Amino acid sequence: MDLDCRSASPCRAGRRLAGVAFMLLASACQPPPAPGWSGYLEGDYVYIAAPVAGALSRLQVQAGEQIERGAPLFTLDASNESAARAQAEALLGSAQAQVANIAKGRRDDELAVTRAQLAQAQAQQALAQVDLRRQQDLHAQGFIAPARLDDVRTALTQADARVAELSAALRVARLPARSDERSAASAQAEAASQAVSQARWREQQTQQTAPVAARVSDTYFREGEWVPAGQPVLALLPAGAVKARFFVPEAEIATLAPGQAVTLHCDGCGAPIAARITLLASEAEYTPPVIYSNAQRAKLVFRVEARPALADAARLRPGQPIEVRAVAAATAGASR
(Lines give C-alpha, C1' and ligand atoms only; values in the text may rest on other atoms or scores of the structure.)
Protein backbone atom coordinates (compact mmCIF):
# COMPACT_ATOMS: atom_id res chain seq x y z
CA MET A 1 0.00 0.00 0.00
CA ASP A 2 1.43 3.32 -1.07
CA LEU A 3 1.77 6.11 1.47
CA ASP A 4 0.55 9.66 0.69
CA CYS A 5 3.44 11.93 1.56
CA ARG A 6 1.14 14.93 1.80
CA SER A 7 -0.42 13.42 4.87
CA ALA A 8 2.47 11.42 6.26
CA SER A 9 4.62 13.29 8.78
CA PRO A 10 7.82 11.32 7.96
CA CYS A 11 7.70 12.58 4.37
CA ARG A 12 7.17 16.19 5.43
CA ALA A 13 10.04 16.00 7.85
CA GLY A 14 12.29 14.61 5.14
CA ARG A 15 11.42 17.39 2.78
CA ARG A 16 12.14 20.01 5.42
CA LEU A 17 15.50 18.47 6.14
CA ALA A 18 16.30 18.44 2.42
CA GLY A 19 15.42 22.13 2.13
CA VAL A 20 17.57 23.05 5.08
CA ALA A 21 20.47 21.07 3.65
CA PHE A 22 20.09 22.85 0.32
CA MET A 23 20.12 26.28 1.98
CA LEU A 24 23.20 25.42 3.99
CA LEU A 25 24.96 24.17 0.86
CA ALA A 26 24.03 27.34 -1.04
CA SER A 27 25.22 29.58 1.77
CA ALA A 28 28.48 27.68 1.95
CA CYS A 29 29.11 28.47 -1.71
CA GLN A 30 28.59 32.21 -1.17
CA PRO A 31 31.70 34.27 -0.35
CA PRO A 32 31.88 35.98 3.02
CA PRO A 33 30.52 39.50 3.09
CA ALA A 34 32.94 42.32 2.34
CA PRO A 35 34.55 43.73 5.46
CA GLY A 36 32.95 46.94 6.62
CA TRP A 37 34.28 49.70 8.85
CA SER A 38 32.36 52.42 10.58
CA GLY A 39 33.30 56.05 10.17
CA TYR A 40 32.04 59.49 9.38
CA LEU A 41 32.38 62.22 6.77
CA GLU A 42 34.65 65.17 7.39
CA GLY A 43 35.15 68.44 5.51
CA ASP A 44 38.43 70.18 4.71
CA TYR A 45 37.25 73.68 5.53
CA VAL A 46 38.92 76.89 4.44
CA TYR A 47 38.82 79.33 7.33
CA ILE A 48 38.87 82.97 6.21
CA ALA A 49 40.44 85.50 8.57
CA ALA A 50 42.02 88.93 8.26
CA PRO A 51 45.62 89.50 9.44
CA VAL A 52 44.50 92.80 10.98
CA ALA A 53 42.04 93.46 13.77
CA GLY A 54 38.98 95.64 13.48
CA ALA A 55 35.25 95.93 13.87
CA LEU A 56 33.23 93.90 11.37
CA SER A 57 31.55 96.63 9.37
CA ARG A 58 29.97 94.39 6.73
CA LEU A 59 29.33 90.64 6.35
CA GLN A 60 28.51 90.02 2.71
CA VAL A 61 27.64 86.28 2.76
CA GLN A 62 25.42 83.98 4.80
CA ALA A 63 25.78 80.37 5.92
CA GLY A 64 24.66 77.90 3.24
CA GLU A 65 25.28 80.32 0.38
CA GLN A 66 27.19 79.09 -2.69
CA ILE A 67 29.78 81.63 -3.82
CA GLU A 68 32.28 81.92 -6.66
CA ARG A 69 35.98 82.57 -6.45
CA GLY A 70 36.73 86.25 -5.82
CA ALA A 71 33.34 86.99 -4.29
CA PRO A 72 33.52 89.59 -1.46
CA LEU A 73 33.13 88.00 1.97
CA PHE A 74 33.48 90.64 4.67
CA THR A 75 34.90 94.08 5.39
CA LEU A 76 36.51 95.41 8.56
CA ASP A 77 36.63 99.04 9.64
CA ALA A 78 39.74 100.47 7.97
CA SER A 79 39.94 103.91 9.63
CA ASN A 80 43.19 103.14 11.44
CA GLU A 81 44.79 101.50 8.42
CA SER A 82 43.80 104.41 6.15
CA ALA A 83 45.35 106.90 8.55
CA ALA A 84 48.55 104.84 8.76
CA ARG A 85 48.74 104.72 4.96
CA ALA A 86 48.32 108.50 4.70
CA GLN A 87 51.07 109.02 7.28
CA ALA A 88 53.42 106.66 5.44
CA GLU A 89 52.77 108.43 2.13
CA ALA A 90 53.55 111.81 3.73
CA LEU A 91 56.83 110.47 5.13
CA LEU A 92 57.69 109.08 1.72
CA GLY A 93 57.12 112.48 0.12
CA SER A 94 59.41 114.09 2.68
CA ALA A 95 62.16 111.52 2.10
CA GLN A 96 61.94 111.89 -1.67
CA ALA A 97 62.17 115.67 -1.35
CA GLN A 98 65.27 115.28 0.79
CA VAL A 99 66.87 113.09 -1.87
CA ALA A 100 66.10 115.66 -4.55
CA ASN A 101 67.41 118.47 -2.38
CA ILE A 102 70.82 116.98 -1.65
CA ALA A 103 71.21 115.94 -5.27
CA LYS A 104 71.36 119.61 -6.27
CA GLY A 105 73.68 122.46 -5.33
CA ARG A 106 72.66 125.58 -3.47
CA ARG A 107 69.89 127.85 -4.65
CA ASP A 108 70.55 130.55 -7.21
CA ASP A 109 70.20 133.32 -4.64
CA GLU A 110 72.82 131.69 -2.42
CA LEU A 111 75.13 131.33 -5.40
CA ALA A 112 74.57 135.01 -6.24
CA VAL A 113 75.78 136.04 -2.77
CA THR A 114 78.97 133.97 -3.14
CA ARG A 115 79.59 135.36 -6.63
CA ALA A 116 79.24 138.93 -5.32
CA GLN A 117 81.70 138.21 -2.53
CA LEU A 118 84.12 136.75 -5.06
CA ALA A 119 83.83 139.83 -7.27
CA GLN A 120 84.58 142.06 -4.29
CA ALA A 121 87.62 139.97 -3.40
CA GLN A 122 88.87 140.08 -6.98
CA ALA A 123 88.55 143.86 -6.98
CA GLN A 124 90.56 144.04 -3.78
CA GLN A 125 93.14 141.73 -5.35
CA ALA A 126 93.48 143.96 -8.40
CA LEU A 127 93.85 147.05 -6.19
CA ALA A 128 96.50 145.29 -4.12
CA GLN A 129 98.44 144.41 -7.30
CA VAL A 130 98.38 148.03 -8.52
CA ASP A 131 99.43 149.28 -5.09
CA LEU A 132 102.31 146.78 -5.02
CA ARG A 133 103.66 147.97 -8.36
CA ARG A 134 103.46 151.62 -7.26
CA GLN A 135 105.16 150.93 -3.98
CA GLN A 136 107.89 148.98 -5.75
CA ASP A 137 108.63 152.03 -7.96
CA LEU A 138 108.73 154.29 -4.94
CA HIS A 139 111.00 151.87 -3.11
CA ALA A 140 113.35 151.76 -6.09
CA GLN A 141 113.56 155.57 -5.99
CA GLY A 142 114.20 155.47 -2.26
CA PHE A 143 111.02 157.24 -1.23
CA ILE A 144 109.63 154.48 1.06
CA ALA A 145 111.13 152.14 3.56
CA PRO A 146 111.34 148.36 2.90
CA ALA A 147 108.83 147.75 5.67
CA ARG A 148 106.17 149.62 3.73
CA LEU A 149 106.83 147.43 0.69
CA ASP A 150 106.44 144.31 2.85
CA ASP A 151 103.03 145.52 4.07
CA VAL A 152 101.83 145.95 0.51
CA ARG A 153 103.05 142.47 -0.44
CA THR A 154 101.20 141.01 2.55
CA ALA A 155 97.98 142.78 1.58
CA LEU A 156 98.23 141.31 -1.93
CA THR A 157 98.82 137.83 -0.52
CA GLN A 158 95.70 138.21 1.62
CA ALA A 159 93.68 139.36 -1.37
CA ASP A 160 94.88 136.39 -3.42
CA ALA A 161 93.89 133.97 -0.61
CA ARG A 162 90.46 135.57 -0.32
CA VAL A 163 89.84 135.17 -4.04
CA ALA A 164 90.94 131.52 -3.92
CA GLU A 165 88.67 130.92 -0.90
CA LEU A 166 85.56 132.36 -2.53
CA SER A 167 86.28 130.63 -5.85
CA ALA A 168 86.40 127.29 -4.05
CA ALA A 169 83.24 128.14 -2.11
CA LEU A 170 81.44 128.87 -5.36
CA ARG A 171 82.51 125.53 -6.83
CA VAL A 172 81.37 123.68 -3.71
CA ALA A 173 78.04 125.50 -3.74
CA ARG A 174 77.33 124.13 -7.21
CA LEU A 175 78.07 120.52 -6.15
CA PRO A 176 75.46 118.07 -4.75
CA ALA A 177 75.89 116.54 -1.30
CA ARG A 178 78.55 113.93 -0.68
CA SER A 179 77.95 110.39 -1.91
CA ASP A 180 77.51 109.06 1.63
CA GLU A 181 74.81 111.62 2.36
CA ARG A 182 73.05 110.83 -0.91
CA SER A 183 73.17 107.09 -0.15
CA ALA A 184 71.73 107.65 3.31
CA ALA A 185 68.92 109.81 1.93
CA SER A 186 68.14 107.25 -0.77
CA ALA A 187 67.99 104.49 1.86
CA GLN A 188 65.56 106.55 3.93
CA ALA A 189 63.38 107.10 0.87
CA GLU A 190 63.37 103.36 0.12
CA ALA A 191 62.41 102.58 3.71
CA ALA A 192 59.57 105.07 3.47
CA SER A 193 58.42 103.48 0.22
CA GLN A 194 58.32 100.05 1.83
CA ALA A 195 56.37 101.48 4.75
CA VAL A 196 53.79 102.79 2.28
CA SER A 197 53.52 99.37 0.65
CA GLN A 198 53.03 97.75 4.03
CA ALA A 199 50.38 100.28 5.03
CA ARG A 200 48.52 99.78 1.76
CA TRP A 201 48.65 96.01 2.21
CA ARG A 202 47.19 96.26 5.71
CA GLU A 203 44.44 98.50 4.41
CA GLN A 204 43.64 96.02 1.62
CA GLN A 205 43.48 93.14 4.12
CA THR A 206 40.44 94.68 5.78
CA GLN A 207 38.47 93.41 2.78
CA GLN A 208 38.55 89.65 2.22
CA THR A 209 37.36 87.75 -0.87
CA ALA A 210 36.79 84.05 -1.53
CA PRO A 211 40.01 82.25 -2.56
CA VAL A 212 38.00 79.40 -4.15
CA ALA A 213 34.48 78.63 -5.23
CA ALA A 214 32.78 77.08 -2.22
CA ARG A 215 29.74 76.88 0.01
CA VAL A 216 29.67 79.06 3.11
CA SER A 217 29.59 76.50 5.91
CA ASP A 218 29.28 78.85 8.87
CA THR A 219 29.88 82.43 10.05
CA TYR A 220 31.31 83.24 13.48
CA PHE A 221 30.81 87.01 13.88
CA ARG A 222 28.02 89.52 13.38
CA GLU A 223 28.33 93.03 11.99
CA GLY A 224 29.58 95.45 14.63
CA GLU A 225 31.55 92.86 16.60
CA TRP A 226 35.29 93.21 17.13
CA VAL A 227 37.33 90.67 15.20
CA PRO A 228 40.84 89.92 16.51
CA ALA A 229 43.64 89.59 13.99
CA GLY A 230 43.84 86.07 12.58
CA GLN A 231 40.48 85.01 14.01
CA PRO A 232 38.34 83.24 11.34
CA VAL A 233 35.19 85.15 10.45
CA LEU A 234 33.69 82.34 8.39
CA ALA A 235 34.38 78.84 7.05
CA LEU A 236 34.15 77.75 3.42
CA LEU A 237 33.69 74.20 2.14
CA PRO A 238 35.07 73.95 -1.42
CA ALA A 239 33.60 71.50 -3.87
CA GLY A 240 35.07 68.03 -3.36
CA ALA A 241 36.53 68.89 0.04
CA VAL A 242 34.60 66.10 1.78
CA LYS A 243 36.46 62.96 2.85
CA ALA A 244 35.59 59.76 4.65
CA ARG A 245 37.38 59.00 7.89
CA PHE A 246 37.12 55.52 9.33
CA PHE A 247 39.06 53.19 11.58
CA VAL A 248 40.37 49.77 10.64
CA PRO A 249 41.40 47.09 13.15
CA GLU A 250 45.04 46.12 13.34
CA ALA A 251 44.37 42.69 11.86
CA GLU A 252 42.88 44.20 8.67
CA ILE A 253 45.08 47.25 8.04
CA ALA A 254 47.58 45.22 6.03
CA THR A 255 44.90 44.53 3.40
CA LEU A 256 44.59 48.23 2.53
CA ALA A 257 46.87 50.50 0.56
CA PRO A 258 46.78 54.12 -0.67
CA GLY A 259 44.81 54.40 -3.89
CA GLN A 260 42.74 51.32 -3.16
CA ALA A 261 39.06 51.55 -4.09
CA VAL A 262 36.36 51.42 -1.43
CA THR A 263 32.65 52.18 -1.35
CA LEU A 264 30.86 54.52 1.02
CA HIS A 265 27.42 53.68 2.35
CA CYS A 266 25.25 56.14 4.24
CA ASP A 267 21.58 56.72 4.99
CA GLY A 268 19.82 58.57 2.20
CA CYS A 269 22.83 58.45 -0.13
CA GLY A 270 21.24 55.98 -2.53
CA ALA A 271 23.70 53.82 -4.43
CA PRO A 272 27.12 53.19 -2.87
CA ILE A 273 29.62 55.96 -3.55
CA ALA A 274 33.02 55.04 -4.93
CA ALA A 275 36.08 56.45 -3.20
CA ARG A 276 39.80 55.85 -2.98
CA ILE A 277 42.01 55.65 0.05
CA THR A 278 44.25 58.69 0.38
CA LEU A 279 45.75 58.20 3.84
CA LEU A 280 46.76 55.34 6.10
CA ALA A 281 47.82 56.53 9.54
CA SER A 282 51.39 55.65 10.40
CA GLU A 283 50.57 55.23 14.09
CA ALA A 284 47.88 53.17 15.75
CA GLU A 285 45.24 54.37 18.17
CA TYR A 286 43.49 52.62 21.01
CA THR A 287 39.80 52.52 21.56
CA PRO A 288 38.91 52.96 25.26
CA PRO A 289 40.13 51.77 27.62
CA VAL A 290 43.66 52.78 26.70
CA ILE A 291 45.48 50.39 29.04
CA TYR A 292 47.58 48.19 26.78
CA SER A 293 47.67 44.44 27.13
CA ASN A 294 47.97 41.53 24.75
CA ALA A 295 44.34 40.71 25.37
CA GLN A 296 43.32 44.18 24.13
CA ARG A 297 45.13 44.13 20.79
CA ALA A 298 41.75 43.78 19.12
CA LYS A 299 41.08 47.36 20.20
CA LEU A 300 44.11 48.65 18.26
CA VAL A 301 42.89 50.59 15.20
CA PHE A 302 44.40 52.71 12.43
CA ARG A 303 42.86 55.87 11.04
CA VAL A 304 42.19 55.73 7.31
CA GLU A 305 40.90 58.45 4.98
CA ALA A 306 39.31 58.11 1.54
CA ARG A 307 38.03 60.68 -0.94
CA PRO A 308 35.15 60.28 -3.36
CA ALA A 309 35.09 61.69 -6.88
CA LEU A 310 34.22 65.36 -7.26
CA ALA A 311 30.80 64.60 -8.74
CA ASP A 312 29.90 62.25 -5.88
CA ALA A 313 31.20 64.55 -3.15
CA ALA A 314 28.20 66.85 -3.67
CA ARG A 315 25.93 64.08 -2.30
CA LEU A 316 27.77 63.97 1.00
CA ARG A 317 27.66 66.21 4.06
CA PRO A 318 30.28 66.46 6.81
CA GLY A 319 29.24 64.72 10.00
CA GLN A 320 27.25 61.93 8.31
CA PRO A 321 27.94 58.47 9.74
CA ILE A 322 29.03 56.02 7.06
CA GLU A 323 30.06 52.45 6.51
CA VAL A 324 33.07 51.76 4.32
CA ARG A 325 33.57 48.53 2.41
CA ALA A 326 36.45 47.24 0.37
CA VAL A 327 35.64 47.09 -3.34
CA ALA A 328 37.85 44.09 -4.13
CA ALA A 329 35.99 41.75 -1.79
CA ALA A 330 32.59 42.98 -2.96
CA THR A 331 33.55 42.52 -6.61
CA ALA A 332 34.81 39.00 -6.01
CA GLY A 333 31.57 38.11 -4.30
CA ALA A 334 29.50 39.46 -7.19
CA SER A 335 31.48 37.48 -9.76
CA ARG A 336 30.73 34.25 -7.92
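This text follows the structure it describes.
Rules used throughout
Residue positions within a chain follow its written sequence, with the count starting from 1. Only residues with pLDDT of 70 or above have their local features reported here, since the model is predicted, and side-chain atom pairs are shown and tallied only from 80 upward, although totals for entire chains, interfaces and linings are computed over all residues. Here the side-chain values reflect all heavy atoms present in the structure, with hydrogen atoms and water set aside. To qualify as a helix, a DSSP run of H or I must reach at least 4 residues; to qualify as a strand, a run of E must reach at least 2; elements of each kind are numbered from the N terminus. Type-normalised accessible area, obtained with a 1.4 Å probe on protein chains alone, sets the label of each residue: buried when under 20%, exposed when over 50%, and partly exposed for intermediate values. Note on contacts: a residue pair qualifies if any of its non-hydrogen atoms lie within 4.5 Å across the two residues. Method remark: on a 1 Å grid restricted to protein atoms, a set of points is classed as a cavity if a 1.4 Å probe fits but cannot get out and as a pocket if it is open with protein on both sides within 12 Å along at least five of seven lines; lining residues have an atom within 4 Å of a point. Grid points are joined across faces, edges and corners, and a volume is the space filled by probe spheres set on the points. Note that Gly is not counted as nonpolar here; it falls among the polar residues with everything else outside the nonpolar set of Ala, Val, Leu, Ile, Met, Phe, Trp, Tyr, Cys and Pro and the charged set of Asp, Glu, Lys and Arg. Pairing between strands is defined by DSSP: at least two bridges between them are needed. For helices, the fitted line uses only the C-alpha atoms of the stretch in contact; every axis is such a line through C-alpha atoms, and the angle between N-to-C directions lies from 0 to 180 degrees. Angular relationships are summarised with four words: roughly parallel below 35 degrees, roughly antiparallel beyond 145, roughly perpendicular across 65 to 115, and oblique for the angles in between. Note on convention: near helix rotated counterclockwise from far helix by under a right angle means a left-handed crossing. Clockwise means right-handed. For this text, the term disulfide refers to a pair of cysteine sulfurs within 2.5 Å. Each helix should span, by expectation, one fewer than its residue count multiplied by 1.5 Å. Here, the term nonpolar core denotes a set of buried Ala, Val, Leu, Ile, Met, Phe, Trp, Tyr and Cys residues that are joined through side-chain atoms within 4.5 Å.

> What should I look at first to understand the overall build of the protein chain in this one?
When its secondary structure is counted, the protein chain shows seven helices and 14 strands. When the 336 residues of the protein chain are sorted by exposure, 29% land in the buried category. Sequence-distant contacts, at least 24 apart, represent 76% of the contacts inside the protein chain between residues at least 6 apart.

> Help me out: how do you make sense of the layout of surface pockets in this one?
Picture a little ball the size of a water molecule; that probe, rolled over the atoms, points out where space is still empty. Estimates place the volume of the second largest pocket at around 190 Å³. Forming the boundary of the second largest pocket are 14 residues, of which R215, P238, A239, A313 and A314 lie nearest the centre. Among the residues making up the lining of the second largest pocket, the classes are represented as 10 nonpolar, two polar and two charged.

> Whenever I open this one, the sheet that holds strand β9 (residues 234-238) confuses me. Can you help?
Two orientations exist for strands paired in a sheet by backbone hydrogen bonds: parallel and antiparallel. Pairing in this open sheet of four strands is antiparallel, and the strands run β2-β9-β7-β4 from one edge to the other. Looking at the sheet topology across the chains shown, the edges are occupied by β2 (46-48) and β4 (66-67). In the sheet, β4 pairs with strand β7 (residues 214-219) via two bridges, with the strands oriented antiparallel. The partner of I67 across the bridge, within β7, is A214.

> For this particular structure, what's the right way to read the sheet that holds strand β1 (residues 36-43)?
Strand order in the closed barrel made by the six strands is β1-β10-β13-β12-β11-β14, with antiparallel pairing throughout. Adjacent strand axes in the sheet meet at a mean angle of 40 degrees when their direction is disregarded. Note: strand β12 (residues 273-286) against strand β13 (residues 300-308), eight bridges, orientation antiparallel. Among the inter-strand pairings, Y286 is bridged to a residue of β13, identified as L300.

> Just to check I follow, could you spell out the packing of helix α3 (residues 108-140) against helix α4 (residues 146-174) for this structure?
When two helices pack together, their arrangement is given by the angle between the helix axes and by the axis-to-axis distance. As a packed pair, α3 and α4 sit with axes 8 Å apart at the nearest point and diverge in direction by 160 degrees. Taken together, the axis directions place α3 and α4 in an arrangement best described as roughly antiparallel. Our pair here, α3 against α4, has a crossing hand that is left-handed. For the contact of α3 with α4, the residue count by class is 16 nonpolar, 10 polar and seven charged.

> Mind showing me how you'd approach the environment of A235 here?
Examined against the element boundaries, A235 turns out to sit in strand β9. Of the residues examined, A235 reaches a relative accessible area of 1% and is grouped as buried. When the C-alpha positions of A235 and I48 are compared, they lie 6.2 Å apart, and in sequence the two are 187 residues distant. Excluding its chain neighbours within four sequence positions, the residues that come into contact with A235 are Y45, V46, Y47, R215, V216, S217, D218 and Y220.

> How do you make sense of the state of the cysteines when you look at a structure like this?
Disulfides are covalent bonds that connect the sulfur atoms of two cysteines. All chains considered together, the criterion is met by one disulfide. In this model C266 forms its disulfide with C269; the gap between the sulfur atoms is 1.5 Å. Disulfide C266 to C269: torsion about the S-S bond roughly -95 degrees, handedness left-handed. For C266, a relative accessible area of 14% corresponds to the buried category.

> Looking at this structure, how should I read α3?
Three or four residues apart is the spacing at which side chains of an α-helix point the same way, because the helix has 3.6 residues per turn. Over its 33 residues, α3 runs 48 Å from end to end, which matches the ideal 48 Å to within 8%, given 1.5 Å per residue. If you check which residues of α3 are buried, you get L111, T114, L118, A121, Q125, A128, D131, L132 and Q135. Next to the buried residues of α3 lie α4. Following α3 by one or two positions, G142 has its phi on the positive side, about 80 degrees.

> Just to check I follow, could you spell out the nonpolar core for this structure?
Here is a general trend for soluble globular proteins: nonpolar side chains tend to be buried in one another's company. The biggest cluster of nonpolar side chains holds 24 residues, and the ones touching the most others in it are W37, F246, V248, L264, L316, I322 and V324. With four residues, the top contributor of residues to this core is strand β10 (residues 242-249). Counting 19 residues, the second largest nonpolar core, distinct from the first, contains A50, L59, L73 and V233.

> Which parts of the structure should I look at to understand the side chain of T114?
In this structure, T114 sits in helix α3. For T114, a relative accessible area of 8% puts it in the buried group. Each residue touching T114, except ones within four places of it in the same chain, is listed here: L166, A169 and L170.

> Explain the pairing of β10 here, please?
Residues in a regular strand point their side chains to alternate faces of the sheet. The buried fraction of β10 is high, at six of eight residues. Here β1 runs beside β10; their pairing, made up of five bridges, is antiparallel. Considered in β10, the bridge of Y40 is made with R245. Examined bridge by bridge, β10 and β13 share six bridges and lie antiparallel to one another. Of the residues in β13, the one forming a bridge with A244 is A306.

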